[in-house]
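Each chain, written out:
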Amino acid sequence: MKRREFICVLGSIASGYWPRRRTIIVATAAIVLLPIEVSDAGWLSDVFKSSSKQSKPSKQGKSPKHVTSRKPAALARPAASAKRRTVKLAALGPVRLKPAALKPVATRCDPSKFRIVLDVGHTAESEGAISARNVSEFVFNLRLAKRIEEKLKAEGFAETKLLLTEGKARRSLVKRVAAANNLPADLLLSIHHDSVPNKFLEDWEFEGKKSRFSDRFSGYSVFVSRNNPDFKTSLSFAELIGKEMKAQGLDYAQQYSQPIMGRHQRPLLNKETGVYRYDELIVLRKTRMAAVLLEAGSIINRDEELKMSSPERRDIISSGVTAAVKEFCEPRWAMLGPL
Ligand SMILES: [Zn+2]
């Protein structure tokens, strides 16, 4: 059975970045030495992780401009309203989150100056998962990220940037994190498409070629890392993404909370919106700004792959993400109350 080395989250630097983009600091020697996970099918859940015993990321180089990044406590809403919006916990993992860490953070920013990075998962050389019809995940990620970029810019988020990386997974990981940290960005959203562990794969033939699929699971999912230096803001944004995806009529992938996923099982932080915790993901824990990873949908599921290939689905998801960013940036979400 073919195994693919799957190293998701890091890559090289795309063109068109903010001024400091070329100063790639290789201060992250620890990252270079991190063990590389060789996973089943180039699939999210292996999106690249390292030892969970790593120390917390450095505090230096914090994302500066966005108010939520720095002084969330000072901006927090009154206790009564915050309590209403406390995230419902479904199946927390080994470490319980304090309710205070789950309060949405009141946000306010200038869209024209707000720097959101759309991280295109994987690279042309390390393409991530392979769809049921043998298209690489990287192709899906890039198409969707570009559409999201268009929509965000159309809504006034002029500083939105695509983070496109190059090279083999290990090296691209280092570059990806360094690039995001040195921009500096205010918020990072990593775009991916989902697959399944090998044990769920079945054979079929597509256009005369032996291919593999699994129609068992479908849906989007949103991941955050508790080890991100701004976990609170990350979680707030993740909740908005999940809420807006749901508002677009999409369902989240529920299998990650199930024992059948084995080592890929994740704590589900919100059973309404499909936000999971995945502490080890490097792109979430090594970046110094708030960061969220979106698995937009499954490309190993034959029906869902067709949908994910369509401009219509890209529009739906892009609209959801854009709405989430607007709400994150503007304070109105804080007035909407619970989901
Ligand atoms: Zn991926």
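Residues numbered from 1 in each chain as written. Predicted model: local features only at pLDDT ≥ 70, side-chain atom pairs only at ≥ 80, totals over all residues. Heavy atoms only, no water.

(A) Spotlight on the overall build of the chain. Scanning the chain from N- to C-terminus turns up eleven helices and eleven strands. By residue count, 58% of the 339 residues in the chain fall in the buried class. Considering only residue pairs separated by 6 or more positions, the chain has 80% of its internal contacts joining residues 24 or more positions apart. Counting only carbon and sulfur atoms, one obtains 52% of the accessible surface of the chain, whose full area is about 13900 Å². (Helix = DSSP H or I, 4+ residues; strand = E, 2+ residues; numbered from the N terminus. Buried < 20%, exposed > 50% of the residue type's maximum accessible area, 1.4 Å probe, protein only. Contact = heavy atoms within 4.5 Å. Areas by Shrake-Rupley, 256 points an atom, 1.4 Å probe, with all protein chains shown as cover.)

(B) Layout of the nonpolar core. Of all hydrophobic cores here, the largest spans 69 residues; its most connected members are F114, L189, F237, I241, L294 and I317. Those residues in contact with I241 that lie beyond four places of it in its chain are L189, V222, L294, V321 and A324. (Core = buried A, V, L, I, M, F, W, Y, C linked by side-chain atoms within 4.5 Å.)

(C) Representation of the packing of aromatic side chains. In the structure shown here, the tally under the stated rule is twelve aromatic pairs. Ring-pair connections join several aromatic residues into one group, and the members of that group are Y220, F223, Y252, Y256, Y276 and Y278. In this structure, R133 packs its charged tip against the face of F206, placed 5.6 Å from the ring centre. Lying over the aromatic face of W204, R302 brings its terminal NZ or CZ to 4.9 Å of the ring centre. (Phe/Tyr/Trp six-rings, centres within 6.5 Å; stacked < 30°, edge-to-face > 60°. Lys NZ or Arg CZ within 6 Å of the ring centre and 35° of its normal.)

(D) Representation of the side chain of T123. You can see T123 is positioned in strand 3 (residues 116-123). Classification of T123 as buried rests on a relative accessible area of 1%. Reaching out from T123, the side chain makes a polar contact with the backbone oxygen of G167 at a distance of 2.7 Å. (Polar contact = N/O pair within 3.5 Å; in protein donor to acceptor, adjacent residues only side chain to side chain.)

(E) Representation of the coordination of the zinc ion. Coordination of the zinc ion by the protein is provided by H122 (NE2), E137 (OE) and H192 (ND1), with metal-donor distances spanning 2.1 to 2.2 Å. In terms of primary sequence, the donors binding the zinc ion are separated according to H-x14-E-x54-H. Placement of the pair is H122 in strand 3 and H192 in strand 5 (residues 187-194), with a sequence separation of 70 residues. (Donors = N, O, S within 2.8 Å, 3.2 Å for Na, K, Ca; no water.)

(F) Region of interest: the sheet that holds strand 8 (residues 221-224). Pairing within the open sheet is mixed, and its seven strands lie in the order 4-3-5-11-8-10-9. One side of each edge strand has no neighbouring strand; the edge strands of this open sheet are strand 4 (161-165) and strand 9 (268-270). Ignoring strand direction, the axes of neighbouring strands in this sheet form an average angle of 30°. Looking at chain direction, strand 3 and strand 4 are connected through four bridges and run parallel. From the neighbouring strand, D119 faces strand 4, where its bridge partner is L163. Against the sheet, helix 6 (residues 169-182) contacts strand 3, strand 4 and strand 5, and its axis sits at roughly 175° relative to strand 3. On top of the sheet, helix 10 (residues 311-329) reaches strand 3, strand 5 and strand 11 (290-298); it is set at about 160° to strand 11, its chief contact. (Pairing = 2+ DSSP bridges. Axes fitted to C-alpha atoms, helices over the stretch in contact; angles between N-to-C directions.)

(G) Representation of the pairing of strand 11. Burial analysis of strand 11 places nine of its nine residues in the buried class, which makes it a mostly covered element. In this sheet, strand 11 lies alongside strand 5 in parallel orientation, the contact comprising seven bridges. Opposite I191, over in strand 11, you have L294 as the bridge partner. Examined bridge by bridge, strand 8 and strand 11 share three bridges and lie antiparallel to one another. By the bridge assignment, F223 is partnered in strand 11 with L293.

(H) Focus on the environment of A291. Note on placement: A291 falls in strand 11. Among the residues examined, A291 registers a relative accessible area of 0% and is labelled buried. Apart from residues lying up to four places away in sequence, A291 is in contact with L188, V224, N228, S234, V283 and L284.

(I) Region of interest: the pattern of salt bridges. Enumeration according to the criterion identifies eleven salt bridges in this entry. A salt bridge links E305 to R133, with the nearest nitrogen and oxygen atoms 2.8 Å apart. Taken together, the positions of E305 in helix 9 (residues 302-308) and R133 in the loop between strand 3 and helix 5 (137-154) put the pair 172 residues apart, joining distant regions of the chain. Residue R147 is joined to E150 by a salt bridge in which the shortest nitrogen-to-oxygen separation is 2.7 Å. (Salt bridge = Lys/Arg side-chain N within 4 Å of Asp/Glu carboxyl O.)

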